[in-house]
Every structure is written in C-alpha cells, then in structure tokens.
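# Secondary and tertiary structure notes
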Amino acid sequence: GADKESRLCNERFDPCRKALLRLYAWQFAKDRVELDTPGDTPAFGFSYSFPLPTDFVRVIIVNEGEEKWSVEGGSILTDSDVLRLQYVRDFNEDDFPDPLFCEALSCYLAWDIAYSLTQSSETQDRMWALFNKVLPNARFVSSTENSSSVVEAEDFLTARMSRGRFVRDPGT
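Note that this is a predicted model, so its numbers are computed, not measured.

## A short note on the environment of Thr 78
For Thr 78, the position within the fold is in strand E5 (residues 75–78). What makes Thr 78 buried here is its relative accessible area of 0%. Considering only alpha carbons, one finds Thr 78 and Gly 45, 33 residues apart in sequence, at a separation of 8.7 Å. With near-sequence residues (within four places) excluded, Thr 78 lies in contact with Phe 46, Ser 47, Tyr 48, Phe 50, Asn 63, Glu 67 and Lys 68.

Structure representation (structure tokens):
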C-alpha cells in the first residue's frame with residue numbers, strides 16, 4: 001500500500017540524490033573553498049592532508065589542476081600547504097536545485113524502487129529508459145550555465161572548415 005511506497009521513497013531518496021550528484025558536476029551544486037589549515041600529515045606520498053567539507057560529494061578540481069592529489073579517508077591529500085577546491089556539494093531542502101536535476105532525480109528514484117514495488121523487471125527497465133531520456137537534457141542545460149560553454153560562431157566555422165581536424169588558426 002501507500003506505506004510501502006512512502007517508506008521506500010524515504011529510505012532511497014538520500015542515496016539516490018547523492019549518487020546522481022556524483023555522476024556529474026551539476027552547475028547548481030558547485031562550490032569553492034580555500035583551506036590553509038592542514039590536518040594530520042600523511043604517512044607517505046603527500047605532504048599535507050585537508051579534511052573534506054561536510055557537504056562534499058565529488059571533486060571537480062584541486063588547486064586549479066596544477067598538482068597531484070588524492071581523496072582518502074575523508075581528506076584530500078596534496079603537496080600544497082593551501083587547498084583550493086572546487087567541488088560538488090550536497091544540498092538540502094533550503095537550497096534551490098535545478099528543476100531538470102529534480103526531474104532526473106525523480107526518474108532515478110523511480111528506477112531504484114520500481115522492482116521493490118512492482119516485482120517487474122519490465123517496469124524497472126521502463127524507468128531506466130525514462131531516466132536515460134531525461135538525464136542528457138538536464139546535463140546539457142547545466143553545462144551551458146557558465147561562460148566557458150559558449151561556442152563562438154568563429155570557432156564553429158573554423159572547425160567546420162577544417163573538416164573535423166583541429167586547426168588553431170586557419171591562416172597559419
């Protein structure tokens with residue numbers, strides 16, 4: 001009955017939300033932090049260890065990509081004494097997640113609980129297909145919400161004129 005549906009939705013919502021957040025660097029969930037107080041020194045391999053932010057879900061970039069790093073045991077290990085971290089953060093009901101992300105999350109949750117509710121692989125497969133239909137649109141819109149995603153007409157024409165070969169400057 002309704003109790004089973006509610007219980008499953010409540011049990012699976014957080015794991016599904018976090019899984020979907022880890023799948024892609026959603027623009028609405030990006031955050032940045034600069035840390036200059038390292039924690040315990042790693043036993044070997046790295047010079048510094050920084051605790052992960054409490055709302056951390058996934059790394060996007062560490063120190064602008066200039067060095068090696070590793071996420072281990074709730075920390076980011078690096079050789080830099082300052083950590084500049086861009087990451088995907090978790091969100092709560094006070095935040096405003098992207099409506100297309102919410103639609104994708106609804107489909108992912110429906111797939112996740114479909115078999116438990118219906119004992120039908122066919123229904124679960126239909127929910128997976130629906131999720132895979134919704135997800136690309138959500139990802140595309142998220143990917144266009146920053147200046148680096150703008151494709152200039154000149155870039156398009158250069159690529160078109162080079163017939164698929166990468167050419168920095170067609171005049172050279």
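So much for the structure itself; the text now carries on.
## Quick word on the pairing of strand E4 (residues 69–72)
The side chains of a regular strand alternate, residue by residue, between the two faces of the sheet. Inspection of the sheet shows E4 paired to E5 by four bridges, in the antiparallel sense. Counted as the bridge partner of Trp 69 is Thr 78 from E5.

## Some remarks on helix H3 (residues 121–143)
Counted at 1.5 Å a residue, the expected span for H3 with its 23 residues is 33 Å, and the 33 Å between its end C-alpha atoms agrees. Burial in H3 covers these residues: Thr 123, Gln 124, Phe 131, Val 134, Leu 135, Ala 138 and Ser 142.

## Focus on the sheet that holds strand E1 (residues 30–35)
Spatial ordering of the open sheet is given by E1-E6-E3, a layout of three strands whose pairing is antiparallel. For this open sheet the edge positions go to E1 and strand E3 (56–62), each flanked by a neighbour on one side alone. Each adjacent strand pair in this sheet contributes to an overall mean axis angle of 35°, direction not counted. Where E3 meets strand E6 (residues 83–89), five bridges bridge the pair, whose relative direction is antiparallel. Opposite Phe 56, over in E6, you have Arg 89 as the bridge partner.

## Section: the nonpolar core
Counting 23 residues, the largest nonpolar core has Leu 20, Leu 21, Trp 26, Phe 28, Phe 101, Ala 104 and Phe 131 as the members making the most contacts within it. Mapped by element, the contributors of at least two residues to this core are helix H1 (2–23), helix H2 (99–118) and H3. Considering every element that reaches this core, the biggest residue donor is H2, with seven residues. In contact with Leu 21, not counting residues within four places along its chain, are Trp 26, Phe 28, Ala 29, Val 57, Arg 58, Val 88, Arg 89, Asp 90, Phe 91 and Phe 101. Judged by nonpolar contacts, the second largest core, of nine residues, contains Leu 52, Phe 56, Leu 85 and Tyr 87.

## Observations regarding the packing of aromatic side chains
Considering all chains together, one arrives at 10 aromatic pairs under this definition. Pairing Tyr 24 with Trp 26 gives two aromatic rings, centres 5.1 Å apart and planes at 75°, and the pair type is edge-to-face. Here the two residues Tyr 24 and Trp 26 agree in accessibility, since each one is buried. Ring centres 5.7 Å apart and planes at 65° place the aromatic pair Phe 28 and Phe 91 in the edge-to-face group. Taken together, the residues span a long stretch of sequence, with Phe 28 in the loop between H1 and E1 and Phe 91 in the loop between E6 and H2 at a distance of 63 residues. Phe 91 gets classed as buried once you look at its relative accessible area, which sits at 12%.

## Observations concerning the side chain of Asp 90
Turning to its location among the elements, Asp 90 is positioned in the loop between E6 and H2. For Asp 90, the side chain forms a polar contact with the side chain of Arg 17, separated by 2.8 Å. Not counting residues within four places of it along the chain, the set of residues in contact with Asp 90 comprises Arg 17, Lys 18, Leu 21, Asp 55, Val 57 and Asp 95.

## With respect to the sheet that holds E4
Strand order in the open sheet made by the three strands is E2-E5-E4, with antiparallel pairing throughout. Both edges of this open sheet fall to strand E2 (48–51) and E4, since each of them pairs with a single strand only. Going from strand to strand, the sheet's axes swing by 25° on average, the running direction of each strand aside.

About the thresholds
Residues numbered from 1 in each chain as written. Predicted model: local features only at pLDDT ≥ 70, side-chain atom pairs only at ≥ 80, totals over all residues. Heavy atoms only, no water. Helix = DSSP H or I, 4+ residues; strand = E, 2+ residues; numbered from the N terminus. Buried < 20%, exposed > 50% of the residue type's maximum accessible area, 1.4 Å probe, protein only. Contact = heavy atoms within 4.5 Å. Pairing = 2+ DSSP bridges. Expected span 1.5 Å × (residues − 1). Axes fitted to C-alpha atoms, helices over the stretch in contact; angles between N-to-C directions. Core = buried A, V, L, I, M, F, W, Y, C linked by side-chain atoms within 4.5 Å. Phe/Tyr/Trp six-rings, centres within 6.5 Å; stacked < 30°, edge-to-face > 60°. Polar contact = N/O pair within 3.5 Å; in protein donor to acceptor, adjacent residues only side chain to side chain.

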